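What follows is the residue order along each chain.
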Amino acid sequence: MTDSPLQMLAEKISQRNVVVGVIGLGYVGLPLSLTFLRKGIRVMGFDVDPGKIEKLHRGESYIKHLSADDLKGFIADKQFEATADFTRLNEPDTLIICVPTPLTKSREPDLKYVEESTRAIAKTLRPGQLVALESTTYPGTTVEVLLPILQASGLQEEQDFALAYSPEREDPGNANFDTSNIPKVVGGIGPHSTRLAQDLYELALERLVPVASTQVAEMTKLFENIFRSVNIALVNELKMLCQRMDIDVWQVIQAAATKPFGFMPFYPGPGLGGHCIPIDPFYLTTKAREYDFSTKFIELAGEINTAMPYYVVQRVMEALNEQGKSLNHAKVLVLGVAYKKNVDDDRESPSYKLMELLREKGAEVSYNDPHIPSLRPTRKYAYTLKSVPLTPEDLAAVDCVLLATDHDAYDYDFILAHAPVIVDTRNAFSGKTTATKQVYAA
Ligand SMILES: NC(=O)c1ccc[n+]([C@@H]2O[C@H](COP(=O)([O-])OP(=O)(O)OC[C@H]3O[C@@H](n4cnc5c(N)ncnc54)[C@H](O)[C@@H]3O)[C@@H](O)[C@H]2O)c1
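The structure contained in this document is the topic of the report that follows. (Residues numbered from 1 in each chain as written. Predicted model: local features only at pLDDT ≥ 70, side-chain atom pairs only at ≥ 80, totals over all residues. Heavy atoms only, no water.)

Concerning the sheet that holds strand β12 (residues 421-424)
Judged by pairing direction, the sheet is parallel, and its five strands sit side by side in the order β10-β9-β11-β12-β13 without closing on themselves. Here the strands that pair on one side only, and so sit at the sheet edges, are β10 (364-368) and β13 (438-441). Each strand of the sheet is rotated relative to its neighbour by a mean of 25°, with strand direction disregarded. In this structure, β12 lies alongside β13, joined through four bridges in parallel fashion. In the sheet register, I422 faces β13, and the bridge partner there is V439. (Pairing = 2+ DSSP bridges. Helix = DSSP H or I, 4+ residues; strand = E, 2+ residues; numbered from the N terminus. Axes fitted to C-alpha atoms, helices over the stretch in contact; angles between N-to-C directions.)

So, in structure tokens, the structure goes:
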């Protein structure tokens, strides 16, 4: 690529003189922007949501674990600019796509946001730009969906523009790992694309893992999340058996985890949640059908994990039954609507399914979550509840407390002291049972 537009891009990257464009400034795109900014790289952020752009202009962060102070400084110094003007996509040298990849109502991959972004890029694509997709998707997306859209610009891949896939591995709330120190897999549509994408990310990230193709990189991401989904299903199934056999599954996991090789602990819960694990496996299942292949492990894991909220509600009914009460008309307080502890992210949270099932059985449902003060109606659920306070009186006034998310902010001794009955899906009350009150594992 001597003297080619891509060679010029390589030189700009090596001189750290590139402008990085990030499309989609959500849970993935905003931390990624900050990672480049902190290494002195200029970033232009693009988002279709004018509310987010306005907040960024005011120097506000809408993601809890990201510091607004950092953002303010970068905006004031003009190192970071956020815009909804997509005609400016020709300004950055590299464009990293971090838009949502949800499922349609029929649980098929919905690539409309990725396609929209790529079409917007194609309109202004100029020689010497690198496009990298980070959104989770099925193997083949970069070559089958993005490449033809970009080629329609008349420019030639691997000569005029580079194209790569590099999946995000963000773990919100993890104190040890953030975007900068999580190894990053990257695969290009050809050697120039892989090299350029690797060089770009190396400006800000500690370790890159180059792979042979975009398809390998895409499949790697899905494999990682499917691995979690399958193992969570396995431990959820074991939990239900253990409960029937009167064995404490948490002790079993703790003991098994002492094995120094060949075992990795996964923990049971009320069902899958979050933006990735409940959704991503379907991306592979759908693609596999094109190859007359049925992904049996994924389907089975999905079946077991989907059944978990039903199992938990069954346990609530049993707990109430032992108190001589029925779920119909019972007051149930759900603790935690975030999909995991200590975060403010309620996407795909199993708590919503739990609340729906409890209501269907006639329960009067309230909730508390220190990280989520109120519930907005979503595509799936029409809740308009506000988080209730956890006073001794409020706790004593309900028939059952259902712990769905084990936030550190909860004072478990306090809850136990005042709640009449507790159903615990997270082993948070382990060893805390008193003579008068019962904690039911679920
Ligand atoms: N959140 C995570 O922890 C995580 C981890 C790994 C992978 N991922 C993947 O990363 C991708 C993004 O996820 P997220 O959690 O950041 O989503 P998000 O919903 O937090 O953010 C996406 C952003 O993209 C914007 N957007 C939508 N359409 C757009 C368009 N056409 N042009 C520009 N902006 C647009 C939205 O307004 C939003 O701000 C998804 O594919 C997801 O599966 C997420």
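Looking at the environment of T87
Position of T87 relative to the elements: it lies in the loop between β3 (80-83) and β4 (94-97). A relative accessible area of 54% places T87 in the exposed class. Considering only alpha carbons, one finds T87 and I121, 34 residues apart in sequence, at a separation of 8.6 Å. Of note is the side chain of T87, whose polar atom sits 2.5 Å from the side chain of D85. (Buried < 20%, exposed > 50% of the residue type's maximum accessible area, 1.4 Å probe, protein only. Polar contact = N/O pair within 3.5 Å; in protein donor to acceptor, adjacent residues only side chain to side chain.)

Some points on a nonpolar patch on the surface
Side chains of L238, L241, M245, I247 and V252 sit close together on the surface and give an oily, nonpolar patch of about 410 Å² of accessible area. Here the nonpolar patch takes three residues from helix α8 (residues 214-245), the largest share from any one element. Looking at the secondary structure, you find M245 in helix α8. (Patch = residues over 30% accessible without salt bridge, like charges linked within 9 Å, V, L, I, M, F, W, Y side chains within 5 Å. Areas by Shrake-Rupley, 256 points an atom, 1.4 Å probe, with all protein chains shown as cover. Salt bridge = Lys/Arg side-chain N within 4 Å of Asp/Glu carboxyl O.)

Remarks on the packing of aromatic side chains
Enumeration over the complete set of coordinates arrives at 10 aromatic pairs. With a centroid separation of 6.3 Å and an interplanar angle of 35°, the aromatic rings of F36 and Y201 are classed as tilted. Taken together, the positions of F36 in helix α2 (residues 29-38) and Y201 in helix α7 (residues 191-202) put the pair 165 residues apart, joining distant regions of the chain. With a centroid separation of 5.1 Å and an interplanar angle of 90°, the aromatic rings of Y412 and F429 are classed as edge-to-face. In this pair, Y412 sits in helix α14 (residues 412-418) while F429 sits in the loop between β12 and β13, placing the two residues 17 residues apart along the sequence. For the pair Y412 and F429, a shared accessibility class is recorded, and that class is buried. Lying over the aromatic face of F282, R107 brings its terminal NZ or CZ to 4.7 Å of the ring centre. In this arrangement the basic side chain of K184 is found over the ring face of Y201, its NZ or CZ atom lying 4.8 Å from the centre. (Phe/Tyr/Trp six-rings, centres within 6.5 Å; stacked < 30°, edge-to-face > 60°. Lys NZ or Arg CZ within 6 Å of the ring centre and 35° of its normal.)

A word on the pattern of salt bridges
Scanning all chains against the criterion turns up 19 salt bridges. Between K112 and D110 there is a salt bridge; the shortest N-O distance is 3.3 Å. Here D110 falls in the buried class, since its relative accessible area comes to 11%. Here K353 and E356 are joined by a salt bridge, their closest N and O atoms 3.0 Å apart. Of the two residues, K353 and E356 are both situated in helix α12 (residues 350-360); the distance of three residues between them amounts to about one turn of the helix.

Section: the pairing of β10
Along β10, four of the five residues are buried, which leaves the element largely enclosed by surrounding structure. Pairing analysis gives five bridges linking strand β9 (residues 331-335) to β10, with the strands arranged parallel. Note on β10: the bridge partner recorded for K331 is E364. Once you follow β9 into α12 and on to β10, the crossover reads as right-handed. (Right-handed = clockwise from strand over helix to strand, strands pointing away.)

With respect to the environment of D280
Structurally, D280 is set in helix α10 (residues 280-289). Taking the C-alpha atoms as reference, D280 lies 18 Å from Y291; in sequence the two are 11 residues apart. Aside from chain neighbours lying at most four places away, what touches D280 is T136, K221, L222, N225 and H275. (Contact = heavy atoms within 4.5 Å.)

Some remarks on the site of the ligand
Taken together, 27 residues surround the ligand, and among them Y27, V28, D47, K52 and T101 come closest. One nitrogen or oxygen atom from the side chain of D47 is found 2.6 Å from an oxygen atom belonging to the ligand. Taking 830 Å² as the accessible area of the ligand by itself, protein coverage stands at 92%. Here the shell around the ligand takes three residues from helix α5 (residues 112-124), the largest share from any one element. For the shell around the ligand, the class distribution of residues is 12 nonpolar, seven polar and eight charged. (Near = heavy atom within 4 Å. Nonpolar A, V, L, I, M, F, W, Y, C, P; charged D, E, K, R; others polar.)

Some remarks on the pairing of strand β6 (residues 161-165)
With five of its five residues buried, β6 lies for the most part within the structure. Residues F161, L163 and Y165 point to one face of β6 and A162 and A164 to the other, with burial holding for every one of them. Read from strand β5 (residues 129-133) through helix α6 (residues 141-151) to β6, the crossover connection turns out right-handed. Here two bridges tie β6 to strand β7 (residues 184-188), and the two strands are oriented antiparallel to one another. Among the inter-strand pairings, A164 is bridged to a residue of β7, identified as G188.

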